Amino acid sequence: MNIVSTLTLRHLLGNKKRSVVTILGIAASTALISAIVLGVFSFFKFFGFISIQSDGNAHAQFSEITQQQFNELKEDDRIDSVGLCDIEETVTGVRLLSGKDERFCVGNTMHADYDYMTMRVVTDYDGQLPKNSSEIAIEEQFLIDNGLENLKIGDTLTFEQGYRYTYDELEGLIYLGGNYRSDEQFKALSTETCTVTAILHGNRPTGSWDILRGLDEGFFPEKDKTQVIITLKNCNHTALKQLKSIASDYEIAKCDYNTEYLLSCFAFEGSGGAYRSFFVMMAVALAIVIATSVILIFNSIGMSLTERMRYLGMLASVGATAKQKRFSIYYEGFVLGMIGIPLGLLFGYLGTKITLSVLGSKILEADMFVGAEGLRGSIPVVCEPSVIAAIVFFAALTILISTFVPAIRAAKVMPIDALRQSNVVKVKAKSLRVNPIIRKIFGYEGELAYKNIKRNGVKGKVITATIAVSVILFLTINYFCNSIARANDYEINIPYQLVASCSFSESDRLRSAISEMEDVDDVYSASMIQFRFKKAPESQIELANTDIADSKFLLPGFADLYFSGMDVVIVDDEDFNKILEDNGLDKNEYYGDTLKGVLLNDYFREKKSSEVFNDGILGQVLHYDKVQGYPPAIEIAAFVRYDENNKTFDLSPKGNIAAFVPVSMYYEKAKEVLPEDKLTMDLGVETADHEVVHDRIYALLESDGYHSYYCGDLTDAVKAMDTITLMLKTAMYGFTILLTLIAIANIVNTISTGVLLRRKEFAMYKSVGLENSGFKKMIRLETLLYGIKALVWGISISLLLSYLMFTTFDTRLHTFNPDLLMYVVTTIAVFGILGLSMALSISKIKDDNIIEALKEDAV
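To keep things clear, this report deals only with the structure shown in the data block.

A few points about the overall build of the chain
A tally of regular secondary structure across the chain gives 23 helices and 22 strands. Looking at the chain as a whole, 48% of its 859 residues are labelled buried. Here the chain has roughly 41,400 Å² of accessible surface; of this, 55% comes from carbon and sulfur atoms.

Examining the sheet that holds strand β13 (residues 498–503)
Strand order across the open sheet formed by 4 strands is β14-β21-β13-β22, with antiparallel pairing between neighbours. Because the sheet does not close on itself, it has two edges, and the strands there are β14 (520–525) and β22 (710–713). The mean angle between the axes of side-by-side strands here comes to 20 degrees, regardless of whether they run parallel or antiparallel. Strand contacts of helix α15 (residues 507–515): β13, β14 and β21 (680–687), with the helix running at about 165 degrees to β14, the strand carrying the most contacts. Across the face of the sheet, helix α18 (residues 690–703) comes into contact with β13, β14, β21 and β22 while running at roughly 170 degrees to β22.

Describing the packing of aromatic side chains
Here the structure, examined in full by the defined rule, presents 19 aromatic pairs. With a centroid separation of 5.6 Å and an interplanar angle of 50 degrees, the aromatic rings of Phe-70 and Phe-220 are classed as tilted. In this pair, Phe-70 is assigned in helix α3 (residues 67–75) and Phe-220 in the loop between β10 (211–213) and β11 (226–232), connecting sequence segments 150 residues apart. A relative accessible area of 7% means that Phe-70 is categorised as buried. On the accessibility criterion, Phe-220 (16% relative accessible area) is buried. Residues Phe-649 and Phe-660 carry aromatic rings whose centres are separated by 5.5 Å and whose planes lie at 90 degrees to one another, so their mutual orientation is edge-to-face. Highlighted residues: Phe-649 in the loop between β19 (634–640) and β20 (658–662) and Phe-660 in strand β20, separated in sequence by 11 residues. Considered together, Phe-649 and Phe-660 belong to a single accessibility category, that of buried residues. Feature note: the residues Tyr-163, Tyr-165 and Tyr-175 constitute an aromatic cluster, connected by ring pairs.

Observations regarding the pattern of salt bridges
Under the defined criterion, the tally for this structure stands at 15 salt bridges. We note a salt bridge from Arg-78 to Asp-249, for which the minimum N-O separation is 3.0 Å. A residue pair is termed long-range when its members are at least 10 positions apart, and Arg-78 in the loop between α3 and β2 (79–86) and Asp-249 in helix α7 (residues 239–249) qualify at 171 residues. Accessibility expressed as a relative area gives 45% for Asp-249, which makes it partly exposed. Note that Glu-102 is salt-bridged to Arg-95, the shortest N-O span being 3.3 Å. For Glu-102, a relative accessible area of 33% translates into the label partly exposed. Taken together, the salt bridges that share partners define one network made up of Asp-76, Arg-78 and Asp-249.

Here we look at the sheet that holds β20
Strand order in this open sheet of 6 strands is β15-β16-β20-β17-β19-β18, and the pairing throughout is mixed. Both edges of this open sheet fall to β15 (527–532) and β18 (621–622), since each of them pairs with a single strand only. Across the sheet, helix α16 (residues 573–582) touches β16 (565–571), β17 (596–600), β19 and β20, and the angle it forms with β20 is around 120 degrees. The strands touched by helix α17 (residues 663–670) within the sheet are β15, β16 and β20, with β20 carrying the most contacts at an inclination of about 85 degrees.

Topic: α17
When you tally the buried positions in α17, you get 6 out of 8 residues, the bulk of the element. Among all positions in α17, only Val-663, Met-665, Tyr-666, Tyr-667, Lys-669 and Ala-670 are buried. Residues of α17 that are buried make contact with β14, β15, β16, α16, β20 and β21.

Describing the environment of Ile-354
Along the chain, the position of Ile-354 falls in helix α10 (residues 322–365). The exposed category is assigned to Ile-354, whose relative accessible area is 56%. Sequence separation between Ile-354 and Val-381 is 27 residues, and the spatial gap between their C-alpha atoms is 9.6 Å.

Cut-offs applied
- Residues numbered from 1 in each chain as written.
- Predicted model: local features only at pLDDT ≥ 70, side-chain atom pairs only at ≥ 80, totals over all residues.
- Heavy atoms only, no water.
- Helix = DSSP H or I, 4+ residues; strand = E, 2+ residues; numbered from the N terminus.
- Buried < 20%, exposed > 50% of the residue type's maximum accessible area, 1.4 Å probe, protein only.
- Areas by Shrake-Rupley, 256 points an atom, 1.4 Å probe, with all protein chains shown as cover.
- Pairing = 2+ DSSP bridges.
- Axes fitted to C-alpha atoms, helices over the stretch in contact; angles between N-to-C directions.
- Contact = heavy atoms within 4.5 Å.
- Phe/Tyr/Trp six-rings, centres within 6.5 Å; stacked < 30°, edge-to-face > 60°.
- Salt bridge = Lys/Arg side-chain N within 4 Å of Asp/Glu carboxyl O.

If you want it as structure tokens, here you go:
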């Protein structure tokens, strides 16, 4: 180890506090980078696992290929395995001779070779998969349904082979597969006896097939009855390019790629823009982390350079080269990184593991992903060497960027300038002139504080810039998170868990029966009618009165609103009356000859109202040109305010334009335009035990002679949407909290180091008679001035960046609505952190000996 390395290490050990803060900053940034990279990589790998569980381990499927093409595929060096399936419809049906009902003994048969089955069968099974047409694998549940659960591997099974079909007068013969239908027929073409070589236990990729039968060697089906699947030897980010090349080389026209699995290998070619957008967002998040961390590490290294300026000059005077001085800074970053990066990797891994454990269990419980239904547990963290290398690269890049400028400055240090410290403070006398108002308001100490900030030069600008950047990052990220939450269509607060529907004439009887059930908390009208004003080009639906969708009724902030429809929520009279009472409206006006409703004039339904319409929409009528067979006309009579404590408003999701009408008036008018036997009513049912209550209601509807009945459980759908919202909030606020901690560490590190570097300056003030009370006042005012200056810049720039963000949010936010409360909290927090940091730093030097402090070499 040379003298430069030794001195650098000694300097780091001599400034343990700043070194520890810098290491923690590197660890925090590495942890954030790890969380982003590990989280994304683990999710993509999990999607690949789900794809295998649902579709099997195949990378592509080719149809209608010749035997020559099949043989060429088997010889291709890029392909690992090739499997063949005969999809001839006339042999896809099976009927066991078990004596059971048709719905149990009729099923489906797959005819495929051994390689095909090994790619499609991904769960555990007993025995070995069939290798010829005399061998079969059979699903365990199919055996149980037919009373053959005692059948063992090696036994023979006799069955009829043929096809399942229905006959339609228009379409003729229709081949069937999948679940049994009561109107289907079975045509037996032969009776087969095969040896059972394997028993499957609920294999998802072959879930539609009850029996898997092998193909004899040399057999090849007709061209239009072939289905071939393949796996690649090297399935990586080039997989799609390889598959397309294979299809092109062998002139295969019908191709289907397993894009879900290929995405887990980061093969995105031709996968659309959604994934590119996702990685753009990921890159932005990484850029924010790196930028924040660079500021922290740069400030620390910059302060370290200021402290070492004198000894670097001394080294230069005895022959140290610019390269050696530059190496001193890079070596400092290397040492800090060698400690901080492993710590960050550990923290990032633990944080990702905990997050995926909690979120993963909720995601799986919500059955959000097709193919993962019924899976429980958590999403595993995938930590491969290439991923670790990527994290280390980004973390090292952060440190390298942070040390680049200080290293250049260190290389330029000249002996005379370093010994004089003439390059640290460069300020002209006229710059130190103080506005007389400052002295009148704050006294002599205020004048000193103002001059100190000017005299501190680069160090003062670093402190101001550090605080300002921290404020900018926090406020803009907070606005981004709020905007995502605001535009989140998945956040739905429907108060009920079940919806039960029946004929309107029977609704009172059903409501009474449900309300008397055990575990039912509340039952109320939840019927909703949707009036549509716009439609897709191919849609044939009748539109309501489109005059009401005129943009002249919209306030300027919502001028670009895509006003495609309006929900009319039919609520119980007492709930409707409560809305009228809370808004000071006379209920007598709503129970007359005309069906009138009130419009919820609040789009986002937040604490601050987001009004959409002007008064011009009042008096407009929702109606269809065709009266008979359509909902009754409804007049918009008044606006009402959103009340978060009134669950009636949540019967229609946020972002939907909603009007409310009383149930008695609606059905009275509906009878005039609709046959009474066509009227139905939906009831919302609140319960803590949704599965049990759902079964009770369904049994009631079936047994008690209800008409046009229906009972649905919304819990799983709502749970899935809540989980998506939870994922968004966890990612956003976790990201914000960690960045905030880095920003706070940045401020504390800069302030404390700046105070310690000014020991000589403070000692000089005390030596000329500045009293302790005056000294404290000067420090407080200096802190105040730093905070004010930084907040002016920080708040201004954050508002500008937030507005630019708002303009690029695809018009879904409609109004620019920064969180003013957060700006107030940030202002208070900045002064609090500054004051606390300054106070703690001053407390460490308050007992300094004046003579010893004036002897210090540091500035």
